[in-house]
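This is what each chain is made of:
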Amino acid sequence: MNRRAFFTGSVVAVGPGIAGCVTDRRDGEVLTDAVLTTKRIRVDWESAAGSFRTHVLSAYPDQSTLRGTVAAEIDDVVRSIDDIRVPESVDDRLRSAFDDFAYAVGVGHEDADEEDTGDETITFDSAPPSTVSREQFNRLQFGDSLDVRLSGTSFDPNLELLERNEGRHDGPTEMVISSRDFSDVHSGRDPPSI
C-alpha cells in the first residue's frame, strides 16, 4: 500500500508580540490514541542586528520518512527515528547561549481511509505545537500512541501527557534530518555560540 501524509490544521507561532487573533483551544479536550506530528526546539536571541526566533531542531513525519533539520552543534540529540532526546548537558548549553528557548511538540489524530485508487491516505487533525518540559519532550517519540489533554490558546497552548504506549503506531521507517551549522546559517544575525 502506498502511504501519503497530509497535515491539516494551522501552525501558530507562540510568544509575545506576535500579531494575530487568539484562538481558544479545545479547552480540556482529551485526545486518545494520538500521534506525534512534530518535535521542535525554538530559540530566541537579541543582537545588534535585531531580535531573532528560529528552531535548532525541527522534526516531522512526511509519509514514511522523518524529515527535518538540526543545528550541527547539537546533532547528537537525534539518535534514531524513535529516539530524539535532549540530555541535560545540551539543555545547559541552550540555556546559557540563548535569551529564551522552548521545547515544543505537536500531536494529532491519524485518520486512514481508502481512496478509489486503493492508496491509503493518512491525515492528521493536529493542534498547534505546545510547549513542554524537557522530560516530556524526551518521553514523546514518533510512533508512540499518546493520550493527552489540550488546553490554553494558540498563543499559550498547553499539553498534558496522560498516557504513552511506546511504539503502538507505525512510525516513520526512514530518516532524512539535515544537519546545518547554526553559526553559518545565521551569519549576519550575530548568533550566539551553542
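All values derive from a computational prediction rather than experimental measurement. (Residues numbered from 1 in each chain as written. Predicted model: local features only at pLDDT ≥ 70, side-chain atom pairs only at ≥ 80, totals over all residues. Heavy atoms only, no water.)

**As for the overall build of the chain**
Consideration 1: For the chain, the helix and strand inventory stands at 3 helices and 12 strands.
Consideration 2: Expressed as a percentage of the 194 residues in the chain, the buried residues total 45%.
Consideration 3: Expressed as a percentage of contacts within the chain between residues at least 6 apart in sequence, the contacts between residues at least 24 apart total 70%.
Consideration 4: For the chain, the computed accessible surface area is about 9,800 Å², with 43% contributed by carbon and sulfur atoms. (Helix = DSSP H or I, 4+ residues; strand = E, 2+ residues; numbered from the N terminus. Buried < 20%, exposed > 50% of the residue type's maximum accessible area, 1.4 Å probe, protein only. Contact = heavy atoms within 4.5 Å. Areas by Shrake-Rupley, 256 points an atom, 1.4 Å probe, with all protein chains shown as cover.)

**Thoughts on the nonpolar core**
Here is a general trend for soluble globular proteins: nonpolar side chains tend to be buried in one another's company.
Consideration 1: One finds I41, V56, I74, L94, F98 and F137 to be the most contacted residues of the largest nonpolar core, which totals 39 residues.
Consideration 2: Every element with two or more residues in this core is listed here: β2 (30–47), β3 (50–62), β4 (65–71), α1 (88–97), β7 (100–114), β10 (145–153) and β11 (156–165).
Consideration 3: Ranked by residue count, the leading element in this core is β2, at 6 residues.
Consideration 4: In contact with I41, other than residues within four places in its own chain, are T54, H55, V56, L57, I74, V86, L94, F101, A102, Y103 and F137. (Core = buried A, V, L, I, M, F, W, Y, C linked by side-chain atoms within 4.5 Å.)

**Considerations on the pattern of salt bridges**
Consideration 1: Counted by the stated rule, this structure contains 11 salt bridges.
Consideration 2: Among the ionic pairs, R79 bridges to D83, the shortest N-O distance being 3.8 Å.
Consideration 3: With relative accessibility at 44%, the residue R79 sits in the partly exposed group.
Consideration 4: With a relative accessible area of 18%, D83 lands in the buried category. (Salt bridge = Lys/Arg side-chain N within 4 Å of Asp/Glu carboxyl O.)

**Topic: the packing of aromatic side chains**
Consideration 1: Taken as a whole and judged by the stated rule, the model has 6 aromatic pairs.
Consideration 2: When the centroid spacing of 5.5 Å and the interplanar angle of 85 degrees are considered together, the rings of F101 and Y103 count as edge-to-face. For the pair formed by F101 and Y103, the shared burial category is buried.
Consideration 3: Put simply, the rings of W45, F52, F98 and F182 pair up and form one aromatic cluster.
Consideration 4: Over the aromatic face of F137 sits the side chain of K39, whose NZ or CZ is 4.3 Å from the ring centroid. (Phe/Tyr/Trp six-rings, centres within 6.5 Å; stacked < 30°, edge-to-face > 60°. Lys NZ or Arg CZ within 6 Å of the ring centre and 35° of its normal.)

**Thoughts on the environment of L31**
Consideration 1: Following the sequence through the fold, L31 ends up in strand β2.
Consideration 2: Assessed through its relative accessible area of 1%, L31 is described here as buried.
Consideration 3: Residues L31 and R149 lie 118 residues apart in sequence; the distance between their C-alpha atoms is 6.3 Å.
Consideration 4: Excluding its chain neighbours within four sequence positions, the residues that come into contact with L31 are V107, H109, L146, D147, V148 and L150.

**Regarding the side chain of H186**
Consideration 1: One can find H186 in the segment after α3 (182–185).
Consideration 2: Residue H186 is classed as buried on the basis of its relative accessible area of 6%.
Consideration 3: Those residues in contact with H186, other than ones at most four positions away along the chain, are W45, T54 and P191.

**A closer look at the side chain of D144**
Consideration 1: Summarising the element assignment, D144 is placed in the loop between α2 (134–139) and β10.
Consideration 2: The class for D144 is buried, based on a relative accessible area of 2%.
Consideration 3: For D144, the side chain forms a polar contact with the side chain of R164, separated by 2.6 Å. (Polar contact = N/O pair within 3.5 Å; in protein donor to acceptor, adjacent residues only side chain to side chain.)

**Details of the pairing of β4**
As a general feature of sheets, a regular strand has side chains that alternate between the two faces.
Consideration 1: Within β4, 5 of the 7 residues are buried, leaving the element largely enclosed by the surrounding structure.
Consideration 2: As defined by bridge partners, β3 adjoins β4 across 6 bridges and the pair is classed as antiparallel. Each residue of the ladder has a partner; that of D62, found in β4, is T65.
Consideration 3: Where β3 folds back on β4, the antiparallel hairpin that results is connected by 2 residues, among which Q63 adopts a positive phi of roughly 60 degrees.
Consideration 4: Inspection of the sheet shows β4 paired to strand β12 (residues 174–180) by 7 bridges, in the parallel sense. Each bridged residue has a counterpart across the sheet, and for T65 the counterpart in β12 is E174. (Pairing = 2+ DSSP bridges.)

The values are spatial; any link to function lies outside them.
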